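Overview (structure and organization)
Given next are the chains, with one letter for each unit.
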Amino acid sequence: MGNPFVVAAGEVGGDFFKERSSGTLPCQADESHLFCFDWAKENIDRYGTPAQQHLEIVLLSVLIGFVVAFALALLAHRTRWLQPPLLAATGILYTIPSIAFFFLLLPLTGFGRDTAVLVLSAYTLQIIYRNTMLGLDNVPDSVKDAARGMGLTNRQILWKVELPLATPEIIAGLRVATASTIAITTLVVLISAGGLGTEMYGSNFNFPTAILIAVAIIALMVLAFDLLLLTAQRLLTPWRKV
Amino acid sequence: MNVHPLLASFSGAVEFIFIPQESNVTGGKEVGGFDKTMELLVGHIEVTVLALAIALLVGLPLGLYLGHKEKGELVAVGIGNAGRAIPELAVIALVATLVGIGLRNVAPALALLGIAPILNNAYVGVRQVDPATVDAARGMGMSELSIIRKVELPLAIPTVMGGIRSAAIVIVATATIAPLAGVESLGDFILNRNVYGENGLLAGAILVALLALTIEGSLALLQRRLTSDGLKVKTA
């Protein structure tokens, strides 16, 4: 009793130890080794499936979160009195720790990916919603007046003037949301939804190499998404010379 | 009596918080109850407060200083952005593997997660203060230290507190998995499913959510008290 990870690790990555203890790589036995390159070379392929699961969960969550938050922001942009309650509601969702959130939903949605995606997309709402509102609010009144003077309808002003000008803030929100979702997705291992957390959890916390490889893959993922979103921003706002 | 299974699982969890009960996995042994809940709650608060204190001691002075000197933007903002991308599980896993377990190892590790938003927001908050205001203070003969303390910090309080609230949220959340590194917290109920059963799992989730909301609420109140009345008029 009192040693949670032995049993838990047995649940998620039971064969991890067997595989590892049967190995005879010299640096595996040496506990002072920070990183065992030989093990990494032989075992890098085991990270393929978890990385793919990780990626799928992140993409689904951010996509759903973006669609919902964007729709809420457009709604609140038109209906001003909705702003404070929406900000409060998304703030509460953001405050509840994701682990607690996973297990609160468990009686409703059970173990697995659905629960993970539901929680993670709810988690992104606040950041994306707040940044989209910020971007729309930052559009100068003079620009909107000019557009109206040119005969644009409210809908045209929103899609052709306000949203393009708000793009940098919206993308900034997406970058933060994506990075934190990639990080938090490591925890979905606790509800058996896979991801790179399985390799951290399954290492039983006495073999740093396994954890560090997962961390490196996550860092690469964060960087790749950040570059992708920055490129998208550049393409969407060609008038901004960066 | 027919009770909806969903209602049954939640009422079972609430009961678990207050009254020790036989769990579905321990075979007759009673677990949970108010005393155990309080013990774990105290542990959770202890590691959270300690980590937040360390994060404040490091992040706040550094952020205020860099903001005042108007330098180190890359460091302050970079740390803020990188901080969000650190996986909580990796922090706990690495500290348990490489440093050691227990409060004295885990609290500084959790503090690392909190330093990023505190440092970043303190820096941004001070930088946003109108330079004319700072010049006026300097012209009145205030020392640099008292400019930070009496002019810049009060004006930056909303942003600074925003960073502290983010730090508190991430620390209280990560403290939930601190039992993996040998620190008692409410996460015990969640992670030791083989001891506390399904009711414990849900009870832990409810308690952690309530604790996070309580801490966030108290910090929001604190922010309102610390914000000078002059700033409130402007934003109202």
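Keep in mind that what you see is a predicted model, and the values were worked out from it rather than measured. (Residues numbered from 1 in each chain as written. Chains lettered and ligands numbered in written order. Predicted model: local features only at pLDDT ≥ 70, side-chain atom pairs only at ≥ 80, totals over all residues.)

By size, the foremost hydrophobic cluster in this structure holds 131 residues, and its most contacted members are A:I99, B:I92, B:L110, B:I171 and B:A205. Of the residues forming this core, the biggest block, 15 residues, is contributed by helix α7 (residues 144-174) of chain B. Excluding anything up to four places from it in sequence, A:I99 contacts A:L187, A:L190, B:A173, B:T176, B:I177, B:I190 and B:V208. (Core = buried A, V, L, I, M, F, W, Y, C linked by C-beta atoms within 7 Å. Buried ≥ 20, exposed ≤ 12 C-beta atoms within 10 Å, placed from the backbone. Helix = DSSP H or I, 4+ residues; strand = E, 2+ residues; numbered from the N terminus. Contact = placed C-beta atoms within 7 Å.)

Each side of the interface is counted separately: chain A has 32 residues, and chain B has 36 residues. Looking at the side of chain A that touches chain B, the elements that each hand over two or more residues are α1 (4-13), α6 (83-95), α7 (98-109), α10 (154-184), α11 (197-201) and α12 (208-236) of chain A. Looking at side-chain class alone, the side of chain A that touches chain B contains 26 nonpolar, six polar and no charged residues. (Nonpolar A, V, L, I, M, F, W, Y, C, P; charged D, E, K, R; others polar.)

Axes are the key here: two packed helices are described by the angle between their axes and the distance separating the axes. Residue and element names in this part refer to chain A. Running from N to C, α6 and helix α8 (residues 113-137) cross one another at 140 degrees; their axes reach a closest spacing of 7 Å. By the angle between their axes, α6 is oblique relative to α8. α8 is crossed by α6, and the crossing has left-handed handedness. Contacts between α6 and α8 involve L86, L87, T90, G91, L93 and Y94 from the former and A122, Y123, L125, Q126, Y129 and R130 from the latter. Of the residues assigned to the contact of α6 with α8, the class counts are eight nonpolar, three polar and one charged. (Axes fitted to C-alpha atoms, helices over the stretch in contact; angles between N-to-C directions. Parallel < 35°, antiparallel > 145°, perpendicular 65-115°, else oblique. Left-handed = near helix turned anticlockwise from the far one by under 90°.)

With that settled, the discussion passes to α8(A). The end-to-end C-alpha distance of α8(A), which contains 25 residues, comes to 36 Å, matching closely the 36 Å that a straight helix rising 1.5 Å per residue would cover. Taken as a whole, α8(A) carries its principal kink of about 30 degrees at A:L125. (Expected span 1.5 Å × (residues − 1). Bend = angle between axes of the 7 residues up to and from the residue.)

Further remarks concern unusual backbone geometry. Despite not being glycine, A:S192 shows a phi value in the positive range, around 55 degrees. For A:S192, the position within the fold is in the loop between α10 and α11.

Attention now moves to α7(A). Here α7(A) has its buried residues at A:S98, A:I99, A:A100, A:F101, A:F102, A:F103 and A:L104. Residues of α7(A) that are buried make contact with α8 and α10 of chain A together with α7, α8 (187-191) and α9 (193-226) of chain B. Phi turns positive one or two residues past the end of α7(A), at A:G110, with a value near 75 degrees.

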